[in-house]
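Now for the letters of each chain:
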Amino acid sequence: MSSIEQKIASLRDELREHNYKYYVLDQPSISDFEFDMKLKELQKLEEEHPEFHDPTSPSLRVGGAVTKNFETVVHEHRMYSLDNSYSKEDLEDWEKRIQRILGDVQVEFTCELKYDGASISLTYEDGRLVRAVTRGDGFQGDEVTTNIKTIKSVPLQLKGDYPQKFDIRGEIILTLEGFAKMNQERVEAGEDPYMNPRNTASGSLKLQDSALVAQRPLECLLYSITGNNLGIKTQFEVLEKARQWGFKVPTVAKLCKSTQEVMQFVDYWDTHRHSLPYETDGVVIKVNSIQNQEELGYTAKSPRWAMAYKFKAEQVSTVLNEITYQVGRTGAITPVANLEPVLLAGTTVKRASLHNADQIAKLDVREGDTVFVEKGGEIIPKIVGVDFLKRSADSKPTEYITHCPECGTELIRKEGEAQHFCPNDTGCPTQITGRIQHFISRKAMDIEGMGSETVELLFKEGLIANYADLYILTKEQVVPLERMAEKSAENLVNGVAASKSIPFERVLFALGIRYVGETVAKKLAKAYKNVDALMVATQEELVAVDEIGERIAESVIRFFAEPTNVALVERLKSYGLQFSLSEEQLENQTDKLKGQTFVVSGVFENISRDELKKLIEDNGGKVASSISSKTSFVVAGDNMGPSKKTKAESLGVPIISEQEFMEKVSA
Ligand code: AMP
Ligand code: ZN
């Protein structure tokens, strides 16, 4: 081994160990800074020495590879559901059924928590993660390996004496803290918060860009192993072994000798689960002996040797004082139940969402009613019913509002949509302040010295009516306002001025065009280079841009068809905001690939897929996701999909290697 190779290997080992200590054991032994320095060093060496590439390198954790279509993979061992039970009696019945089959043997049980996330099956060969597949319908699922590799608690390389080949199953979850933080960032960016950790975790697995997955605080909790001749005798041993090989396995699992002990575990966690860092929806009880499990076998959909005990969603009743209506930045109306404060699952609840008019009608919920409030997977509690016995005789059915509570405009409801909308997007105060708040937010113009409340104040005082007005604010106008001082007014005005250098793509995002999020804004900025070109783009041209679909294209066209929006953009331009790519961004661009369309497939040696795509676009070429007669070249790396290969060959599209591509752009 050369000394460079040794250095790379030892850095990888070191980083693996630190990842394990941090993400699996929760016991870091070096600072984040030191970790980053080591990672950077590794990345640099790997870049300089691609010959030492390793698909399990900790440097892959940052993601970058993009999956356009997730391939369907048949599970070698089926992923079953679990039967549910809800009471001690259910459990005793189950135990009787088991004893009838097994005869007179002493049965032990392993109790684990039932983690509420998305199930995943990981295949390891020779200690390396080779595949990760979602549950799908239990028989086959989607291959999401690239995304799973970014989850730091999933080992890419195992330790200890692991079997040569096995599947391990677990649950991908988002911790409550991580979920709350993600939502806070979304709200700051003017995006709707996610509903609950479970759906968000499962949605994350199917994101195309693994770099986005890498940013999400996902974790993987493991609970079962399947394979041939594993030499493991009990479920409890499975958990211990998995832990030794480097997997994250919660330690709350308990070995129980009787259903009575099982019930103690269930009762304990039913009341203590809210102190866990993640959500659980029950307990899973498994017959401990693998031999017993094999004897018991499976029904059509679940193992006879396992049972889920479902916690009851916590429910309380309280009085609904008033129904109010919120208007979002896009004009969507959300009815909100304002409740007599009540303690539920460890927090005080004052408000609950009523979703929309249909929901109110379905529940027949009215002001003054005593209602049942429940906290399931959702962060925002919901109203599940009305205590009709407590309804007073003079109660009147709820009449949904017909006009906007903020501006008085008559609401509309489009065919097939559940939500009412206020169509007055240019005059409705909440929509106006909502758009300005989005404009100044961190991921958009990032205006320092200004927050949501300042926007409301400035608007109320008549100093701003849209985001362009921010740029003509003076210190003298701001100082006299409530809670403003000389210094804060100065910061505000300076912050606004400083935002003039924010790059084009973020300005585009800040404009608040519906469906144009951060990523889409980047794509559009790159494809059109300046706002003037974008303003006159047609639907056809827009959808030809990689990742831009009909819905986004329509929204962009609708935005620029509105004269007030065009006027705003013109004003912002006159104040000196960036409405085209910078010299530097343009300098790296050529016309070498003009008129050519590329499809990128497989894994590359010296460059990530994203970088390759960027190179194509920077040189004037287009990236398409599927091969057609219009494709000029397919750039193929390792593991190019066989169907793509056949298709390219049958259409006579040339397949070129990474090297051949590089020659094209460097020539
Ligand atoms: P269900 O989807 O209700 O049929 O429940 C079965 C699912 O529970 C499995 O597919 C797993 O994803 C999930 N699960 C969560 N925690 C566990 C655990 N400790 N053991 C087994 N399955 C679990
Ligand atoms: Zn309105």
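Residues numbered from 1 in each chain as written. Chains lettered and ligands numbered in written order. Predicted model: local features only at pLDDT ≥ 70, side-chain atom pairs only at ≥ 80, totals over all residues. Heavy atoms only, no water.

A few points about the UniProt feature "active site" (unreviewed entry) in the chain
Now for step 1: Per the UniProt annotation, the sites labelled "active site" (unreviewed entry) are Lys 114.
Now for step 2: Topologically, Lys 114 is positioned in strand S3 (residues 109-115).
Now for step 3: Excluding anything up to four places from it in sequence, Lys 114 contacts Leu 82, Glu 279, Thr 280, Asp 281, Gly 282, Val 283, Val 284, Ala 308 and Lys 310. (UniProt positions renumbered as here; feature names shortened; annotations may be inferred. Helix = DSSP H or I, 4+ residues; strand = E, 2+ residues; numbered from the N terminus. Contact = heavy atoms within 4.5 Å.)

Overview of the site of ligand 1
Now for step 1: Near ligand 1 there are 14 residues, and of these Ser 119, Arg 135, Glu 171, Tyr 223 and Lys 286 occur at the shortest range.
Now for step 2: Tyr 223 places a side-chain nitrogen or oxygen 3.1 Å from an oxygen atom of ligand 1.
Now for step 3: Of all the secondary structure elements, the ones that give two or more residues to the shell around ligand 1 are S3 and strand S10 (280-287).
Now for step 4: Of the residues forming the shell around ligand 1, the biggest block, 4 residues, is contributed by S3.
Now for step 5: A class-by-class count of the residues in the shell around ligand 1 yields 6 nonpolar, 2 polar and 6 charged. (Near = heavy atom within 4 Å. Polar contact = N/O pair within 3.5 Å; in protein donor to acceptor, adjacent residues only side chain to side chain. Nonpolar A, V, L, I, M, F, W, Y, C, P; charged D, E, K, R; others polar.)

Considerations on helix H9 (residues 259-272)
Now for step 1: The end-to-end C-alpha separation of H9 is 20 Å, in line with the 20 Å expected for 14 residues at 1.5 Å each.
Now for step 2: Those residues of H9 lying buried are Thr 259, Val 262, Met 263, Phe 265, Val 266 and Trp 269. For H9, the angular spread of buried residues about the axis comes to 160°, placing them on one side. Turned more than 90 degrees from where H9 packs its buried face, Gln 260 and Thr 271 sit exposed.
Now for step 3: Where H9 is buried, its residues contact helix H3 (88-102), S3, strand S9 (254-256), S10 and strand S11 (306-310). (Expected span 1.5 Å × (residues − 1). Buried < 20%, exposed > 50% of the residue type's maximum accessible area, 1.4 Å probe, protein only. Arc of directions from axis to C-beta.)

Considerations on the sheet that holds S9
Now for step 1: With mixed pairing, 5 strands are arranged side by side in an open sheet as S2-S11-S10-S3-S9. Each having just a single partner strand, strand S2 (84-85) and S9 make up the two edges of the open sheet.
Now for step 2: Examined bridge by bridge, S2 and S11 share 2 bridges and lie parallel to one another. Bridging across to S11, Ser 85 finds its partner in Tyr 309.
Now for step 3: Across the sheet, helix H8 (residues 235-244) lies against S3, S9 and S10, angled at about 55° from S3, the strand it touches most. (Pairing = 2+ DSSP bridges. Axes fitted to C-alpha atoms, helices over the stretch in contact; angles between N-to-C directions.)

Some details on helix H2 (residues 32-48)
Now for step 1: With 17 residues, H2 extends 24 Å between its outermost C-alpha atoms, agreeing within 8% with the 24 Å of an ideal straight helix rising 1.5 Å per residue.
Now for step 2: Among all positions of H2, only Phe 35, Leu 39, Leu 42, Leu 45 and Glu 46 are buried. What you see down the axis of H2 is that its buried residues fit within an arc of 125°, all on one side. Looking at H2, the residues exposed on the side facing more than 90 degrees away from the buried face are Phe 33, Lys 40, Lys 44 and Glu 47.

Let's talk about the pairing of strand S7 (residues 165-174)
Now for step 1: A large share of S7 lies buried, amounting to 9 of its 10 residues.
Now for step 2: Of the strand pairs in this sheet, strand S4 (residues 118-125) and S7 are connected by 8 bridges, and their pairing is antiparallel. Paired with Tyr 124 across the bridge in S7 is Phe 166.

With respect to the environment of Lys 647
Now for step 1: Secondary-structure assignment places Lys 647 in helix H24 (residues 642-651).
Now for step 2: Spatially, the C-alpha atoms of Lys 647 and Leu 463 are 60 Å apart, while their sequence positions differ by 184 residues.

Things to note about the sheet that holds strand S19 (residues 633-636)
Now for step 1: Taken together, 4 strands build an open sheet; the order of strands is S18-S17-S19-S20 and the sheet is parallel. The open sheet has two free edges, formed respectively by strand S18 (622-624) and strand S20 (655-657), since each of these has just one partner strand. Between one strand axis and the next, the sheet turns through 40° on average, direction left out of account.
Now for step 2: As defined by bridge partners, S19 adjoins S20 across 3 bridges and the pair is classed as parallel. The residue bridging Val 635 from the neighbouring strand is Ile 656, located in S20.
Now for step 3: On the sheet, helix H23 (residues 609-618) packs against strand S17 (597-601), S18 and S19 and is oriented at approximately 175° with respect to S17.
Now for step 4: Sheet contacts for H24: S17, S19 and S20; angle to S17, the most-contacted strand, approximately 150°.

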